[in-house]
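# Examination of the molecular architecture
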Amino acid sequence: MGKKQKYYVVWKGVHPGIYTSWTDCQLQIKGYEGALYKSFDTKEEADHAFASPAHHYIGTHNSKLITHNSKALPEGFDLNCVAVDAACSGNPGPMEYRGVYLLNGQQIFHFGPVYGTNNIGEFLAIVHALALMKQKNISMPIYSDSRNALAWVRQKKCKTKLERTSKTEELFQMIERAETWLKTHTYSDIPILKWETEEWGEVPADFGRK
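Quick summary incoming for the structure in this document. (Residues numbered from 1 in each chain as written. Predicted model: local features only at pLDDT ≥ 70, side-chain atom pairs only at ≥ 80, totals over all residues. Heavy atoms only, no water.)

Moving on to the overall build of the protein chain. Scanning the protein chain for helices and strands turns up 6 helices and 8 strands. Starting at the N terminus and ending at the C terminus, the protein chain contains elements arranged as β-β-α-β-α-β-β-β-α-β-α-α-β-α. Looking at the 210 residues of the protein chain, the share that counts as buried comes to 46%. Taking the contacts inside the protein chain whose residues are at least 6 apart along the sequence as the reference set, 64% of them involve residues at least 24 apart. Total accessible area on the protein chain is roughly 11100 Å²; 50% of this is exposed by carbon and sulfur atoms. (Helix = DSSP H or I, 4+ residues; strand = E, 2+ residues; numbered from the N terminus. Buried < 20%, exposed > 50% of the residue type's maximum accessible area, 1.4 Å probe, protein only. Contact = heavy atoms within 4.5 Å. Areas by Shrake-Rupley, 256 points an atom, 1.4 Å probe, with all protein chains shown as cover.)

Below, the structure is given as structure tokens:
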């Protein structure tokens with residue numbers, strides 16, 4: 001009788017998702033402090049688990065499960081917020097960004113990779129989070145560790161020096177849509193804040209590739 005197939009859900013790791021081998025799962029969690037993962041016997045169970053908050057399946061009493069670093073958040077820090085971050089292999093290079101809900105450590109959106117820069121990804125991640133909240137009619141703080149991206153959002157303009165070419169055309173169309181969204185929507189009820197990396201450790205949406 002062959003070995004029974006297992007399904008491994010990675011809520012938090014290098015690339016969150018569902019994996020069909022322990023080796024593939026390990027590649028996502030090895031060295032990633034605070035990784036959230038669990039095995040399931042059926043694909044249906046794994047699909048349901050991945051679409052649900054991690055704390056439904058594993059305990060989250062330890063804050064390190066939410067912030068994958070050893071530095072502590074300030075006392076009374078409200079985890080009902082979203083942290084965003086981007087990663088770029090080379091700058092420019094393949095870029096991706098995502099948002100994470102701190103209360104349960106769950107990734108709530110992810111985009112990429114697409115050719116671009118880290119700052120562009122950070123900018124688009126903030127706008128993505130804003131648009132998502134407006135769509136769902138919710139309001140909670142958004143944290144980013146990028147001063148450039150925060151300034152660009154305030155100015156409603158992505159001031160990148162990346163050249164617009166056939167290779168970057170898709171990305172520039174995304175930038176234009178993001179700038180238009182900022183100029184045509186009100187979002188003053190959503191705080192957009194700086195994640196203090198030196199005091200709190202890496203932003204929880206960090207891809208862990210440093």
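Now for unusual backbone geometry. Going from asparagine 91 to proline 92, the amide bond is cis rather than trans, its omega being 10°. The residue after glycine 112, namely proline 113, is reached through a cis peptide bond having omega 10°. Within the element layout of this structure, proline 113 appears in strand β6 (residues 106-116). Even without being a glycine, asparagine 137 presents a positive backbone phi close to 60°. By the secondary structure assignment, asparagine 137 is in the loop between α3 (118-136) and β7 (142-144).

Now for the pairing of β6. The side chains of a regular strand alternate, residue by residue, between the two faces of the sheet. In terms of strand pairing, strand β5 (residues 93-101) meets β6 through 8 bridges, oriented antiparallel. Looking at β6, one finds that arginine 98 is bridged to histidine 110. Between β5 and β6, which pair antiparallel and follow one another directly, the connecting turn spans 4 residues, one of which, glycine 105, has a positive phi of 75°. (Pairing = 2+ DSSP bridges.)

To continue, consider helix α4 (residues 147-155). What α4 keeps buried is the set Ala149, Leu150, Ala151, Trp152 and Val153. Buried positions along α4 lie against α3, β7, α5 (169-184) and β8 (192-194). Lysine 156 lies just past α4 and shows a positive phi near 60°.

Reading across from one edge, β6-β5-β4-β7-β8 is the order of the 5 strands in this open sheet, with mixed pairing throughout. Every interior strand has two partners, whereas the edge strands, β6 and β8, have only one. This sheet shows a mean twist of 25° between the axes of neighbouring strands, independent of strand direction. Relative to the sheet, α3 contacts β4 (82-88), β5, β6, β7 and β8, its axis offset from that of β4 by approximately 150°. (Axes fitted to C-alpha atoms, helices over the stretch in contact; angles between N-to-C directions.)

Our next topic: the environment of alanine 54. Tracing the sequence through the fold places alanine 54 in the loop between α2 (43-50) and β4. Judged by its relative accessible area of 0%, alanine 54 is buried. Expressed as a C-alpha distance, the spacing of alanine 54 and glutamine 106, which sit 52 residues apart in the sequence, is 6.5 Å.

The way to describe two aromatic rings as a pair is by their centre distance and the angle between their planes. Going through the model one piece at a time under the given rule, you end up with 13 aromatic pairs. Ring centres of tryptophan 11 and phenylalanine 40 lie 6.5 Å apart, and the angle between their planes is 75°; on these two criteria the pair is classed as edge-to-face. Placement of tryptophan 11 in strand β1 (residues 7-12) and of phenylalanine 40 in strand β3 (residues 36-40) is noted, with a sequence separation of 29 residues between them. The two residues tryptophan 11 and phenylalanine 40 agree in class, both being buried. These aromatic residues form a ring-pair network of at least three members: Phe77, Tyr143, Trp195 and Trp200. (Phe/Tyr/Trp six-rings, centres within 6.5 Å; stacked < 30°, edge-to-face > 60°.)

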